[in-house]
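The primary structure of each chain is shown beneath.
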Amino acid sequence: MMTKASSLTQTWRRLLGACCLALCAVGAWPAQADERFITVASTTSTEQSGLFAHLLPVFEQASGIKVRVVALGTGQALDLARRGDADVVFVHDKAAEEKFVAEGFGVQRFEVMYNDFVLIGPRNDPAQVAGHDILEGLRRIASADISPRPPFVSRGDRSGTHMAELRYWKAAGVDLDQAKGAWYRDTGSGMGPALNTAAAMNAYILADRGTWLNFRNRGDLRILVEGDTRLFNQYGVMLVNPAKHPHVKKDDGQKFIDWLLSPVGQQTITAYKINGEQLFFPNARR
Amino acid sequence: MTELDSGFTLARQLLLAGDARLWNIVLLSLRVSLTATVLACLIGMPLGALLAVGRFPGRRVLVVLFNAMMGLPPVVVGLLVYLLLSRAGPLGAFGLLFTPTAMILAQMVLITPIVAALTRQVIADAWQEMHELLHSLGASRLRAAATLLWDTRFSLSTAALAGFGRAIAEVGAVMIVGGNIDGVTRVMTTTIALETSKGDLPLALTLGLILIVLVLAINGVIFAVRGWSERRWG
């Protein structure tokens, strides 16, 4: 009996010892430092164009507040904020943003800056869309009567760019539901992955200029339509409503918004350039 | 092939230059996945052992369930953990979303079934061999489970490695619950996804190579430690 009992204790003791050792190993990892931060839900275009990497260090230096950016499509970013998982939303889909504020999830919407969309396509431009008229360009893609039919890649992810694309089709008088065929590729992906797909298929695609300028894997694609005022893409910023989500860091969040709209913030946006080309144009109204 | 070549060159340059951001990303990957593996082992191994030697109603169902859950899609686990940790979710008050803790939790949920299922198989085999002996010693099932866990500890390292491999390689779950925040929750796999998005394929490939080398190194170390301790204590 004695030996049995002691060997049982011994076995469990060994296992326990192993567990303790493992726990110690886990506990020995450096703990996350408590830092002052806000969470900003934003879009892939601002993150992947490199704007935040340029902007945030300046703000963090000035305020001592770290900004943690979660980059998603505009639709997803707004949903995240609706659930209270962000303090500030910084996106580009005016209609969706106004709805967000009207529903009481956002305090107030401020316009910060704009950039523009560009229609990108194969260098040899089989549908002959090149020019300065986005609607005419889209009409030509939809009605291209050539074989093989040049494909068009859509984000298809409810992002700001996707919503803009749908608006342009509508304005161009193209009924997508009817016109859609094998040529219209709904990829359900972010701007970068969609550009990768377009480069691989030599397809047409609507992209924001910032992501395009920062994009490396261009293949045989180039900008075909640009400079149409309808292609302007307005960015707005909103504080998530503390009345709906009491944990929202309203003071620090508001500081970030105020800074973006301030002369210093606006100048910092102007100063961001890739190869000498300015990406975002500040237009805060105050 | 030129892309692969340039990938290797770039990998060497980045690592030798001691790029601080890269090292932080590597360390965070290791920290998250190793912690998740340890926790998954603490839960999954005793669970697997009990499933192997225990006799209780619903045991077979549980065995099939755990075997099936080895195929859990990471993105689904990520979504579930996200809904759990979101401010609007049941654990929202803790504010764990978009932290390494959330990533550890998601990976733990993902790999605990793997560790449990593989442990159950190892222990079931050992149980078949030893149960007469253990019975004759008058060992209870609980005690038999503990004894077998200790006796098969070297074989069980494979279960732990399988779990770790899955954890460090997945991107779907950590992307959702971590948010891929620069300097806070950005790990190897989410960085690779991000660089691929930017069309910087050489850098993405380079990071992929570093990840593979890392996993190889860890497997090598475990293999060596296992061989050494088997000779020493086996």
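All values reported here derive from a predicted model rather than from experimental measurement. (Residues numbered from 1 in each chain as written. Chains lettered and ligands numbered in written order. Predicted model: local features only at pLDDT ≥ 70, side-chain atom pairs only at ≥ 80, totals over all residues. Heavy atoms only, no water.)

Caption draft 1: Structural view of the environment of Val53 of chain B. All names here are of chain B. Looking at the element boundaries, Val53 is found in helix H2 (residues 20–53). Classification of Val53 by relative accessible area gives buried; the value is 0%. A sequence separation of 73 residues divides Val53 from Ala126, and the C-alpha atoms of the two residues are 9.8 Å apart. When neighbours within four sequence positions are excluded, Val53 is seen to be in contact with Ile123, Trp127, Arg141, Ala145 and Leu148. (Helix = DSSP H or I, 4+ residues; strand = E, 2+ residues; numbered from the N terminus. Buried < 20%, exposed > 50% of the residue type's maximum accessible area, 1.4 Å probe, protein only. Contact = heavy atoms within 4.5 Å.)

Caption draft 2: Structural detail: the domain arrangement of chain A. Residues and elements named next belong to chain A. Per the domain assignment, the segments making up chain A are domain 1 (37–115 + 234–282) and domain 2 (116–231). In this structure, domain 1 and domain 2 have C-alpha centres spaced 26 Å apart. With 16 residues of domain 1 at the contact, the number on the domain 2 side is 18 residues. Buried surface at the junction of domain 1 and domain 2, summed over both partners, amounts to about 1300 Å²; 48% is from carbon and sulfur atoms. It is Gln48, His92 and Asn115 in domain 1 that bury the most area against domain 2; as a group they hold 33% of the surface buried on that side. On the surface where domain 1 and domain 2 come into contact, there are 3 salt bridges. Here Arg209 and Glu277 are joined by a salt bridge, their closest N and O atoms 3.4 Å apart. If you look at where domain 1 meets domain 2, you find 6 residue pairs in polar contact (both at pLDDT 80 or more). (Domains from an automatic or database assignment. Buried area = accessible area lost by both parts, 1.4 Å probe. Salt bridge = Lys/Arg side-chain N within 4 Å of Asp/Glu carboxyl O. Polar contact = N/O pair within 3.5 Å; in protein donor to acceptor, adjacent residues only side chain to side chain.)

Caption draft 3: Region of interest: the packing of aromatic side chains. Residue and element names in this part refer to chain A. Following the criterion strictly, the structure yields 15 aromatic pairs over all chains and no others. Between Phe59 and Trp259, the ring centres sit 5.4 Å apart and the planes meet at 50°, which makes this aromatic pair tilted. Of the two residues, Phe59 is situated in helix H3 (residues 51–63) and Trp259 in helix H11 (residues 250–261); the sequence distance between them amounts to 200 residues. Here the two residues Phe59 and Trp259 agree in accessibility, since each one is buried. Measuring from centroid to centroid gives 5.5 Å for Tyr114 and Phe281, while their planes differ by 20°, and the two rings are stacked. In this pair, Tyr114 is assigned in strand S4 (residues 106–122) and Phe281 in strand S12 (residues 281–282), connecting sequence segments 167 residues apart. (Phe/Tyr/Trp six-rings, centres within 6.5 Å; stacked < 30°, edge-to-face > 60°.)

Caption draft 4: Region of interest: the pattern of salt bridges. Residue and element names in this part refer to chain A. Under the criterion given, the structure shown has 26 salt bridges over all chains. As a salt-bridge pair, Asp220 and Arg123 come within 3.4 Å of each other at their nearest N and O atoms. A residue pair is termed long-range when its members are at least 10 positions apart, and Asp220 in the loop between helix H10 (209–213) and strand S8 (221–225) and Arg123 in the loop between S4 and helix H6 (134–142) qualify at 97 residues. Each of Asp79, Arg82, Lys99, Glu103 and Arg158 takes part in one network of salt bridges that share partners.

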